[in-house]
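Structure assessment
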Amino acid sequence: MGERILMKGNEAIGEAAIRAGCRHFFGYPITPQNELPEYMARRLPEIGGAMVQAESEIAAINMVYGAAGAGVRVMTSSSSPGISLKQEGLSYIAGAELPCVVVNMVRGGPGLGGIQPAQGDYWQATRGGGHGDYRLIVLAPATIQEMVDTVQDAFDLADKYRNPVMILGDGMLGQMMEPVEFREQTVSSLAEKEWATTGLRNHPGRRNVINSLYLQPDKLEEHNQHLQRKYAEIAANEVRYEEVDVEDADLVVAAYGTTARIVRSAMEEARREGLRVGLIRPITLWPFPVEPFARAAERAHAFLSVEMSAGQMVEDVRLAVNGKKPVYFYGRTGGMVPTPEGVLAKFREILEGKHNG
Amino acid sequence: MAKVFERPKALADVVTHYCPGCTHGIIHRLVAEAIDELGIVDRTVGVAPVGCAVLAYDYFECDMQEAAHGRAPAVCTGIKRVRPDLIVFSYQGDGDLASIGTAEIVHAAARGENITVIFVNNGIYGMTGGQMAPTTLVGHKTTTSPYGRDAKVQGHPVRISEMLATLEGPAYIERVSVHTPQLVNRAKQAIKRAFANQVEGKGFSLVEVLSTCPTNWGMTPVEALQRVANEMVPYYPLGVFKDIDAEGEDK
Amino acid sequence: MTFEMILAGFGGQGVMLMGQLLAYAGMTEGKHVSWLPSYGPEMRGGTANCTVVVSDRPVGSPLITRPGIVVAMNLPSMDKFEDSIKPGGLLVYNSSLITRSPKRTDIEVVAVPANEIANELGNDRIANMVALGALLGKKPMVEMQSILTALRHALPPHRHHLLPLNEQALDRGRKLVG
């Protein structure tokens, strides 16, 4: 077991990225993720890398495009309004099939919104976010330790599938400190990036072009079909989730990230009251863990999605439950965080409603 | 018998999509010659823009990346920062560089990124069908300035080279034209210089090349070349605007 | 046992550090801990607070709206958090700066003249350590030695000459309640 270090979430991501082989970071200041670019600005020059503060989030994501196209592990981070600005670049990166890791420490929206924790970017993250038919792999850790472990996973998934990966946190996960341990990473065997623009001298006789333009419709459709086959493969192989007390649960709750921890606190109290509540915590938001929900729908009486949003993931839960059981929603927005007490009250309302019904 | 004229090796042997009389072809050739003469094709990565040169990645025989509209300087920054051994250039039009991509070009220049930028200014959006560009001259008619550009309504055309030359970052900025054979030779020297600077690690170099658009200007190629001489050059004077090698010398 | 607390004061009073020391000390003792700061414009001159959980079980919600313990270093902090304390909980407040008495009667209350004691020791800036000492005297959730280890870690080497002074402040605070 390695040493446990007390670290802020934002800084822990930075250190984990460095340990995953990332030497280049392109960013732009926005609260509540500033400690990440600041950490990279301090650490990367010490190890022969660079953090470039771009003139905008738009420029930052396009620097990521160039760097990823040149074949290195590269990261950018931002928070909601800044992530909106990156959507153009993310669409190009997905279209050109470039691996990179993008961190979104979500804050309240819409518009300039606020700076407190939120989960209102779920749709943007899981539906692509920019133009065209594409997917990001979206990972949603719930603790700083999991965030650290997720970063290595994120870079590996990005490289394996040549696809952008988003780590979806929130202001709380970015700002809070918890003990973390940087575990020895097993070196994953990933293919050489033969497609990268490293200059002809590194791949004589084959010109490498990074591009997402296909002017002929049949060629573009072929490219899209290729992407869709890739996404199907990811959906088949890379779903990650955690189940807690689902086996005997009357009510199965869906929650991710920080919210899942609040739900866990509420569940402990619920069990003391004799309420049988379980949790399915999606760790990959895309691909969404459809199967555990479908399985739970065979025996649980009801489902509840708890989010720091006005109700976004609840749609995926409904798709997964597929009409077999009622799916309820409880959420807070704007930086207001659900409390264990508020969540518990919702459990009671649903379960007592069932008993009454 | 010795061959005295041939296709540069860095220029692909394909038919381009450019319109007859357009000077993109000349400028492509000059870029390819510079790459050949400096012997850098095997370590060069070009970045294509969105605009008429969007397919430039098919025309240069080196590794290429296709950037989003206006973002080529940011893409170049990404490539160059992670692989400083590569020679990285962008090839951008006026809509790409001087309108949607102004932030990217200004800050790449301000940072003094060691890259080479070829900026082709023909004062119009060619690819999309002849709309007004940030560099369209006052009085010129386009599809979105059908009564002629009126400074009171559409503002004034942007002089990029002069603007960027006010920054500390750039090493070299020159505006050239290709409307006469003599000027083509001068443009060649400037473009080669802009690449050589990067090889020598001197920093950000930009060559603005005045260009034509016979199709969207509604002119014959010869008339278009005359327009460059008579209307564009007076507003966009040719010359060196920044040169760190010349600084300190008598000017 | 699980200790859920909010430490609050104005910027510069060292409430963030107080929380980090508790979290760090808990971590070195193998406990589960979390430290969650308030952030944003309220940090600029207004009140600052952090939420700390020290527990022998994994930390669920790092956000605590009904804390068992509140340490209030100034009046706005006591005004803001007094009502949130769980019945039977603990309020430690800085009576050097807070002139009113707490309204709650269903909680335990400890008045600590933190700035006065700090001044007696010759450094107004260690009032936070006096309050922390009092808190630990009342709720020994971590060993004092672990706090000193945490301080050694938190202070840059060129400030290590202040360690004995900090230790004195902690001790004075603890003796106040013990």
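Just so it is clear, the structure is predicted and the values come from calculations on it, not from any experiment. (Residues numbered from 1 in each chain as written. Chains lettered and ligands numbered in written order. Predicted model: local features only at pLDDT ≥ 70, side-chain atom pairs only at ≥ 80, totals over all residues. Heavy atoms only, no water.)

This part is about the sheet that holds strand β5 (residues 100-106) of chain A. Residue and element names in this part refer to chain A. In space, the 7 strands of this open sheet follow the order β3-β2-β4-β5-β7-β6-β13, with mixed pairing throughout. In this open sheet, the two strands that pair with only one neighbour each are β3 (50-53) and β13 (284-286). Strand after strand, the sheet turns through a mean of 20° between neighbouring axes, direction not considered. For strand β2 (residues 24-27) and β3, the ladder comprises 4 bridges, and the chain directions are parallel. Counted as the bridge partner of Gly27 is Gln53 from β3. (Pairing = 2+ DSSP bridges. Helix = DSSP H or I, 4+ residues; strand = E, 2+ residues; numbered from the N terminus. Axes fitted to C-alpha atoms, helices over the stretch in contact; angles between N-to-C directions.)

Another point: the layout of surface pockets. Each pocket or cavity is described by its volume, and for the largest pocket that value is around 690 Å³. Taken together, 29 residues make up the lining of the largest pocket; nearest its centre are A:Thr143, A:Arg261, C:His32, C:Pro58 and C:Val59. Elements supplying a minimum of two residues to the lining of the largest pocket: α6 (144-161), β8 (177-181), β10 (241-244), α9 (257-272) and β12 (277-282) of chain A together with β2 (32-37) of chain C. Among the elements that line the lining of the largest pocket, the one with the most residues is α9(A), at 6 residues. (1 Å grid on protein atoms, 1.4 Å probe; cavity = no way out; pocket = protein on both sides within 12 Å on 5 of 7 lines; lining within 4 Å. Points joined across faces, edges and corners; volume = space filled by probe spheres on them.)

Attention now moves to the packing of aromatic side chains. Under the counting rule described, the total for this entry stands at 9 aromatic pairs over all chains. Relative to A:Phe303, the ring of A:Phe293 lies with its centre 6.3 Å away and its plane at 45°, an arrangement referred to as tilted. Taken together, the residues A:Phe293 in helix α10 (residues 290-296) and A:Phe303 in strand β14 (residues 302-307) connect sequence positions 10 residues apart. Residues A:Phe293 and A:Phe303 agree in their burial class; the two are buried. Feature note: the residues B:Phe60, B:Phe89, B:Tyr91 and B:Phe195 constitute an aromatic cluster, connected by ring pairs. (Phe/Tyr/Trp six-rings, centres within 6.5 Å; stacked < 30°, edge-to-face > 60°. Buried < 20%, exposed > 50% of the residue type's maximum accessible area, 1.4 Å probe, protein only.)

The periodicity of an α-helix, 3.6 residues per turn, causes residues three or four places apart in sequence to face the same way. Those residues of helix α5 (residues 144-154) of chain C that sit buried are C:Met144, C:Ser146, C:Ile147, C:Leu148, C:Ala150 and C:Leu151. On its buried side, α5(C) packs onto α1 (15-28), α4 (127-138) and α6 (163-177) of chain C. (Contact = heavy atoms within 4.5 Å.)

A word on the domain arrangement of chain A. All names here are of chain A. Along its sequence, chain A is organised into domain 1 (4-237) and domain 2 (242-356). In this structure, domain 1 and domain 2 have C-alpha centres spaced 29 Å apart. The junction of domain 1 with domain 2 conceals about 2,400 Å² of combined surface from both sides, 55% of it contributed by carbon and sulfur atoms. Looking only at domain 1, the three residues that lose the most surface to domain 2 are Gln119, Tyr122 and Trp123, adding up to 31% of its buried area. In this assembly, domain 1 and domain 2 are joined by 3 salt bridges. Of the charged contacts, one joins Arg281 and Glu146 as a salt bridge, the two residues approaching to 2.8 Å between their closest N and O atoms. Linking domain 1 to domain 2 there are 15 residue pairs in polar contact (both at pLDDT 80 or more). Going through the elements one at a time, α5 (122-126), β6 (137-139), β7 (164-170), α7 (171-175) and α8 (217-237) are the ones with two or more residues in the side of domain 1 that touches domain 2. (Domains from an automatic or database assignment. Buried area = accessible area lost by both parts, 1.4 Å probe. Salt bridge = Lys/Arg side-chain N within 4 Å of Asp/Glu carboxyl O. Polar contact = N/O pair within 3.5 Å; in protein donor to acceptor, adjacent residues only side chain to side chain.)

For side chains of opposite charge, pairing can occur when their charged atoms come near one another. Residue and element names in this part refer to chain A. A full pass over the atoms with the stated rule returns 58 salt bridges over all chains. Arg295 is the partner of Glu243 in a salt bridge, and the nearest nitrogen-oxygen pair spans 3.6 Å. Here the residue Glu243 occupies a position in strand β10, and Arg295 occupies one in helix α10, the gap between them amounting to 52 residues. Glu243 sits in the partly exposed class, given a relative accessible area of 32%. Across the pair Asp248 and Arg271 runs a salt bridge, and its minimum N-O distance is 3.0 Å. You can see Asp248 sitting in the loop between β10 and β11 (251-254) and its partner Arg271 sitting in helix α9, a full 23 residues away along the chain.

Once that is clear, we can look at the interface of chain B and chain A. At the interface, 33 residues of chain B touch 33 residues of chain A. For the pair chain B and chain A, the summed buried area comes to about 2,700 Å², and 56% of that belongs to carbon and sulfur atoms. Joining chain B to chain A, the criterion identifies 4 salt bridges. Of the charged contacts in the structure, one is a salt bridge between A:Arg207 and B:Glu61, with a shortest N-O distance of 3.8 Å. Across the chain B-chain A interface, the total number found is 21 residue pairs in polar contact (both at pLDDT 80 or more). Where the side of chain B that touches chain A is concerned, the elements lending two or more residues are β2 (63-66), α2 (72-82) and α4 (102-110) of chain B. Here the element with the most residues in the side of chain B that touches chain A is α2(B); it accounts for 7 residues.

Listed by partner, the interface residues are 22 residues for chain C and 25 residues for chain A. Of the roughly 1,800 Å² buried between chain C and chain A, counting both surfaces, carbon and sulfur atoms make up 65%. Summed over the three residues of chain C that lose the most area to chain A, namely C:Met27, C:Trp35 and C:Tyr39, the buried surface amounts to 35% of that side. Between chain C and chain A we count 1 salt bridge in total. When the shortest N-O distance is used, the salt bridge between A:Glu268 and C:Arg57 registers 3.1 Å. Linking chain C with chain A are 11 residue pairs in polar contact (both at pLDDT 80 or more), by the criterion used here. Elements supplying a minimum of two residues to the side of chain C that touches chain A: α1 and β2 of chain C. Of all the elements, β2(C) adds the most residues to the side of chain C that touches chain A, at 5 residues. The residue inventory of the side of chain C that touches chain A, partitioned by class, reads 12 nonpolar, 7 polar and 3 charged. (Nonpolar A, V, L, I, M, F, W, Y, C, P; charged D, E, K, R; others polar.)

So, on to the nonpolar core. Membership of the largest hydrophobic core comes to 146 residues, with the highest contact counts inside it found for A:Met75, A:Phe303 and A:Phe347. In this structure, this core is formed jointly by two domains, domain 1 (4-237) and domain 2 (242-356) of chain A, each of which donates at least three residues. Beyond its immediate stretch of four places on either side in the chain, A:Phe347 contacts A:Leu251, A:Val253, A:Val263, A:Ala266, A:Met267, A:Ala270, A:Leu275, A:Val277 and A:Leu304. Counting residues in each nonpolar core, the second largest holds 52 residues, with C:Ala25, C:Met73, C:Met144 and C:Leu148 among its members. (Core = buried A, V, L, I, M, F, W, Y, C linked by side-chain atoms within 4.5 Å.)

A word on the side chain of C:Ser55. Residues and elements named next belong to chain C. Locating Ser55 in the fold gives a position in strand β3 (residues 47-55). A relative accessible area of 3% means that Ser55 is categorised as buried. Looking at Ser55, its side chain comes within polar contact range of the side chain of Thr2, at 2.7 Å. In this structure, Ser55 is in contact with Met1, Thr2, Lys31 and His32, ignoring residues within four places of it in sequence.

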